[in-house]
Amino acid sequence: MTATIPTLASQYDAKTTDTKWQKFWEENHIFQADPNHPGEPYCIVIPPPNVTGSLHMGHAFESILIDTLVRYHRMKGRNTLWVPGTDHASIAVQTILEKQLKKEGKTRFELGREAFLEKAWQWKTESGGKIVNQLRSLGVSVDWSRERFTLDEGLSKAVLEAFTRMYEEGLIYRGNYLVNWCPGTQSAVSDLEVENKEVNGNLWHFRYPLTDGSGYMEVATTRPETMLGDTAVAVNPNDDRYKDLIGKTLMLPIMQREIPIIADELVDPAFGTGCVKVTPAHDPNDFAMGKRHNLPFINIMNKDGTLNENAGEFQGQDRFVARKNVVQRLESDGFLVKIEDYKHTVPYSDRGKVPVEPLLSTQWFVKIRPLADRALQFLDDKSSPEFIPQRWTKVYRDWLVKLQDWCISRQLWWGHQIPAWYAVSETGGEITDNTPFVVAQNETEAKEKAVAKFGENVKLEQDPDVLDTWFSSGLWPFSTLGWPEQTQDLTTYYPTATLVTGFDIIFFWVARMTMMAGHFTGQMPFKDVYIHGLVLDENGKKMSKSANNGIDPLLLIDKYGTDALRYSLIKEVVGAGQDIRLEYNRKTDESASVEASRNFTNKLWNAARFVMMNLDGKTPQQLGNPATEALELCDRWILSRYHQVVQQSSQYIDNYGLGEAAKGLYEFIWGDFCDWYIELVKPRLRPEAPAASRLVAQQTLAHVLEGILKLLHPFMPHITEEIWHTLTQAGEGKALALQSYPEADPALIDSDKEQQFELLFGTIRTIRNLRAEADIKPGVKVPVILQTQSDKERHILNLGESYIQDLAKVEKLTINGAKDTPSSTEILKPDSSAEVKSAPSSTETANLAASVKEKSSFANAPTLLPFLFLLPFLFVVLLCLFVVSKVTQIIAKGNIDKNDTASKQLGYTHPPETDLRPPEQENSEESAMPKAIAGVVGTIQVLIPLAGVVDVDALRAKLDKNLSKVEAEAKSLSGRLGNANFVEKAAPDVVQKARDSLAEAEKQAEILRERLERL
């Protein structure tokens, strides 16, 4: 990067550029945070992806949003830290390893805990870094020197501290409760890890005979196998049907166990028969009734989902096999009444993907109420944290109110082993529900506590279970910064500034972090919680593995470049928290939206290349900023637009309007800078241009281009870094990522100037559109007539006259006011071949424009009245000069009036369908009349005389031919869609494609007809 003259390659190579700068940033420690940096701290912790994971579109979207914020605030001068890391993912890793062992014909129990964990760490070293390397490919500006892992030494120390402290405070306890058991992973799972799915099932009705022989009670259940563990039948105390039976007993079929009839208000009289079987060890509601009525708790299930010895003859059978066999036995014994189809919800394990089993088990729990109440107090008293969008605040609050005690133990080996040691010498060498224990941070401390309590001969065994991964993740915002030690990082960067996460883990993770942080640090862990939406597929559906509709972000990066994907995802965001839809063609693996962003990178690259080619090898610093008094009209305009965009971008990003900021930059860079300003200053960059004007143009171009690179850098870091280094010839170790974000200068913002240029650009666009419609070749310069009643508009047009002429390829520009009067010496005089010898004069234009406005919706009715008095005079002039011409319909939302004198003066008349002249007069005029095409922008009439420029007859013939072709296509498509066999039998996408093609053909035909009418 020491070239004297800054140069860029002729084409932008995204792959090379991406790799180059990702390596540069990391090797030069560009994003390494310094607690001693003077700026205001701004810290974000990454939502740690599972170490087993690979990059999907959700990861990409979230990381890009975070990176945009972090890069922006870093450039704003804040002391920025983005902490990267991964979660150990207990269940996911263990599942992978156990599958590997199964292929080898082994189990983890045969391998042993120590060897199994050795294998797990080996897997983590070899395969666990995949997602980290993929995140690097996004160019995220994290501090890799502070990368954390939830099982690393520092975070493990934090987990031990949190557990032992909470246990000593009475917030953690061990108890025998009903938990959600996942037979697939053979572990307890929390309520938050359970997904309720609606399924088509059955409702089985059985008879339970009364022991006194007086009859029976009919119960209904969706889980027949659990009747083997029934210890009562319950009815509602207010149900008159069964009041007389309360207190009596029943004989439980198959098991021949006498069970009581109890009354409990929990029973819904409308469900089934109003009688419900009570299985306290296998149903949450039954568990509560069992506690209230002191019923026995009989567990009939093993942890693998098979039935145990309490199931009698069904012992060893899988729960679903046993279900069929229990029903069959009850039917053969005469107890089955009926089977109904029944749609109901079944809880599934989010981890094991199988129905969970409510199971009575001894587990470790957190008393959640004190923690949740503390978090609620922060929310209600201090509105902390603040949710964006705000609607998620209520969802978060409601969840905190409803939280129940949290089961934190998991029957796994990979994870934080629970720091509890059991005195197994007190219970025959085994861990039982009643074995006494001590809680300590290590075995040495545990031994000391146990000896003091049980004597020197005590034998200890650590709890084999591990903690729920959400326990360690709940500590993430402060454990990653060094807690429980009071480190400099913790002092400087905590609480963090913003949490960026998806709405789907507000309960899993966000609430856990706020509860843990409130308890251990006395503060909320972050100021803001920015909840982003989902990336939807091309059909607007949520991406998921089960639907097989995911889009691989790495594939799109490889095809279009990292910056193109980044920009596409952010630009699609409309309002904070909204879902975005990504266009994608699965057959070709192409994305129109990402391709559009790739085109934007090419546009920026080419514009930068052009600018640098015209700076005489000088950098923006060497050129300096232009002096205000030396600025020309378009310089003032682009600087006003630039500072307006600087101001708007900051406001948007500060308020999490990232999509709005991205779109605003896109419009400014592509439209204002590339399409307009560069074109406007091209004449001033030529060697023959005045030196002073050329210098100001160079200064302005260089200044705005460098500012654009800084504004765009948070969104597109790679290409902007590459261009900036080439433009500025920055020395080694310097980075655009560390430059100051532009500051808006209100003094340079001129809204009036911007409005003036909008009028000029509108005029230029209208002229260009008219040229295209009349099929005028790009290189041909044409005369143009502009007519307006507004003095202000005329003033603006006169100021921008040279811009209009240069950018619209205008040979002679005539700008007229409404009060101009015609002069007989300036009337257009066509020769016998109808070619124009000279351009129309200003008075001719006034009359022509007035004729257009007379019939236009933009016109004022009285405008033409003064010219009516000139009718005799003008008629004589026309006869004397033998000016007879054909009228071409003019674009101004109406036709020219046949009796319009100003129109006649220039030889314009009605089209044939509205012409009232005798045929002989019509034919004589049509052969030689000049023609024009007109349009409107604001209140300005724009006219281009066509005589001598365009062969209107040839153009009409061409349009006729195109119209016939399109109409034929539309007729064919309409016929296909009118065929019932085609619509019913063809594939839906084929039918839809035909409909889309028909709509497109009809639209094309409409446009062609309109153009023909105007000709």
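Keep in mind that what you see is a predicted model, and the values were worked out from it rather than measured. (Residues numbered from 1 in each chain as written. Predicted model: local features only at pLDDT ≥ 70, side-chain atom pairs only at ≥ 80, totals over all residues. Heavy atoms only, no water.)

Q: Can you walk me through the confidence of the model for the protein in this structure?
A: Low-pLDDT stretches of the model should not have their predicted coordinates read in fine detail. Averaged over all residues, the pLDDT of the protein equals 85, while 87% of them reach at least 70. Of the regions scoring below 50 in pLDDT, residues 819-930 engages in 187 contacts with residues more than four places distant in sequence or in other chains. (pLDDT = per-residue confidence, 0-100. Contact = heavy atoms within 4.5 Å.)

Q: What am I meant to see in the nonpolar core here?
A: Most often, soluble globular proteins have nonpolar side chains that are buried together. Formed by 201 residues in total, the largest nonpolar core has its most connected members in Met-57, Trp-364, Phe-471 and Phe-673. The leading source of residues in this core is helix 22 (residues 658-681), at 13 residues. Counting 37 residues, the second largest nonpolar core, distinct from the first, contains Trp-181, Met-217, Ile-300 and Met-301. (Core = buried A, V, L, I, M, F, W, Y, C linked by side-chain atoms within 4.5 Å. Buried < 20%, exposed > 50% of the residue type's maximum accessible area, 1.4 Å probe, protein only. Helix = DSSP H or I, 4+ residues; strand = E, 2+ residues; numbered from the N terminus.)

Q: What should I look at first to understand the pairing of strand 2 (residues 79-83) in this one?
A: In the case of a regular strand, side chains alternate between the two sheet surfaces. Within strand 2, five of the five residues are buried, which leaves it mostly tucked inside the rest of the structure. Residue alternation in strand 2 divides its side chains into two sets, Asn-79, Leu-81 and Val-83 and Thr-80 and Trp-82, and both sets are buried. Where strand 1 (residues 41-45) meets strand 2, five bridges bridge the pair, whose relative direction is parallel. Bridge pairing in strand 2 places Ile-44 opposite Trp-82. Of the crossover connections in this fold, the one passing from strand 1 over helix 2 (residues 57-75) to the parallel strand 2 is right-handed. (Pairing = 2+ DSSP bridges. Right-handed = clockwise from strand over helix to strand, strands pointing away.)

Q: For this particular structure, what's the right way to read the packing of helix 1 (residues 14-27) against helix 24 (residues 717-728)?
A: Packed helix pairs are specified by the crossing angle of their axes together with the interaxial distance, meaning the distance between the axes. At a minimum axis distance of 9 Å, the contact between helix 1 and helix 24 shows a crossing angle of 80 degrees. By the criterion of interaxial angle, the relationship of helix 1 to helix 24 is roughly perpendicular. Contacts between helix 1 and helix 24 involve Thr-17, Asp-18, Lys-20, Trp-21, Gln-22, Phe-24 and Trp-25 from the first element and Pro-717, His-718, Ile-719, Glu-721, Glu-722 and His-725 from the second. Grouping the constituent residues of the contact of helix 1 with helix 24 by class yields five nonpolar, four polar and four charged. (Axes fitted to C-alpha atoms, helices over the stretch in contact; angles between N-to-C directions. Parallel < 35°, antiparallel > 145°, perpendicular 65-115°, else oblique. Nonpolar A, V, L, I, M, F, W, Y, C, P; charged D, E, K, R; others polar.)

Q: Honestly, the sheet that holds strand 15 (residues 386-388) in this entry has me stumped. Any pointers?
A: For sheets, the rule is that strands pair by backbone hydrogen bonds, running either parallel or antiparallel. One open sheet accounts for three strands, arranged 15-23-22; its pairing is parallel. Only two strands of the sheet have a single neighbouring strand rather than two, namely strand 15 and strand 22 (496-502). Each strand of the sheet is rotated relative to its neighbour by a mean of 20 degrees, with strand direction disregarded. On the sheet, helix 2 packs against strand 22 and strand 23 (526-532) and is oriented at approximately 160 degrees with respect to strand 22.

Q: Help me out: how do you make sense of the pairing of strand 10 (residues 249-252) in this one?
A: Judged by which residues are buried, strand 10 turns out to be one-sided: Leu-250 and Leu-252 face inward and are buried, whereas Thr-249 and Met-251, on the alternate face, are not. Pairing of strand 10 with strand 11 (residues 257-263), which is carried by four bridges, proceeds in the antiparallel orientation. What sits directly across from Met-251, in strand 11, is Glu-258. What sits between the antiparallel neighbours strand 10 and strand 11 is a turn of four residues, in which Ile-254 has the positive phi angle 65 degrees.

Q: Is there a simple way to think about the pattern of salt bridges in this case?
A: Side-chain pairs of opposite charge can arise whenever the charged atoms involved come near each other. Applying the stated criterion to the full structure yields 45 salt bridges. The shortest N-O distance in the salt bridge between Glu-98 and Arg-108 comes to 3.0 Å. Note that Glu-98 is positioned in helix 3 (residues 90-103) and Arg-108 in helix 4 (residues 108-111), a separation of 10 residues in sequence. For Glu-98, a relative accessible area of 31% translates into the label partly exposed. (Salt bridge = Lys/Arg side-chain N within 4 Å of Asp/Glu carboxyl O.)

Q: Which parts of the structure should I look at to understand the environment of His-88?
A: Mapped onto the secondary structure, His-88 falls in the loop between strand 3 (85-86) and helix 3. A relative accessible area of 0% places His-88 in the buried class. The spatial distance from the C-alpha of His-88 to the C-alpha of Lys-124 is 8.8 Å, given a sequence separation of 36 residues. Leave out the neighbours within four places in its chain, and His-88 touches Val-51, Val-93, Phe-149, Thr-150, Leu-151, Trp-414, Gly-415, His-416, Thr-469 and Ser-472. A polar side-chain atom of His-88 sits 3.2 Å from a polar atom in the side chain of Ser-90. A distance of 2.6 Å separates polar atoms of two side chains, one belonging to His-88 and the other to Thr-150. (Polar contact = N/O pair within 3.5 Å; in protein donor to acceptor, adjacent residues only side chain to side chain.)

Q: Quick question: what am I supposed to make of the side chain of Arg-108 here?
A: Given a relative accessible area of 7%, Arg-108 falls into the buried group. Of note is the side chain of Arg-108, whose polar atom sits 3.0 Å from the side chain of Glu-98. Among residues more than four places away in sequence, those in contact with Arg-108 are Gln-94, Glu-98, Leu-101, Phe-116, Gln-411, Leu-412 and Trp-413.

Q: Before we go on, may I ask you to explain helix 5 (residues 113-127) in this structure?
A: For an α-helix, the turn length of 3.6 residues means that residues three or four places apart are oriented alike. An ideal rise of 1.5 Å per residue puts 21 Å on 15 residues; helix 5 measures up with 21 Å between its terminal C-alpha atoms. Turning to helix 5, its buried residues are Arg-113, Phe-116, Ala-120 and Trp-123. Buried residues in helix 5, looked at end-on, bunch into an arc of 85 degrees, giving them a common side. Opposite the packed face of helix 5, turned more than 90 degrees from it, sit the exposed residues Glu-114, Glu-118, Thr-125 and Glu-126. Here the buried face of helix 5 lies against helix 3, helix 4 and strand 21 (466-467). (Expected span 1.5 Å × (residues − 1). Arc of directions from axis to C-beta.)

Q: Explain the sheet that holds strand 9 (residues 232-235) here, please?
A: Strand order in the open sheet formed by four strands is 10-11-9-12, with mixed pairing between adjacent strands. Edge positions in the sheet fall to strand 10 and strand 12 (276-278), since each has one partner strand and no second. Across this sheet, the average inter-strand angle for adjacent strands is 35 degrees, counted without regard to direction. Pairing geometry for strand 9 and strand 12, over three bridges, is antiparallel. Each bridged residue has a counterpart across the sheet, and for Val-233 the counterpart in strand 12 is Lys-277. The sheet contacts of helix 8 (residues 284-293) involve strand 9, strand 11 and strand 12, and relative to strand 12 the element is tilted by about 70 degrees.

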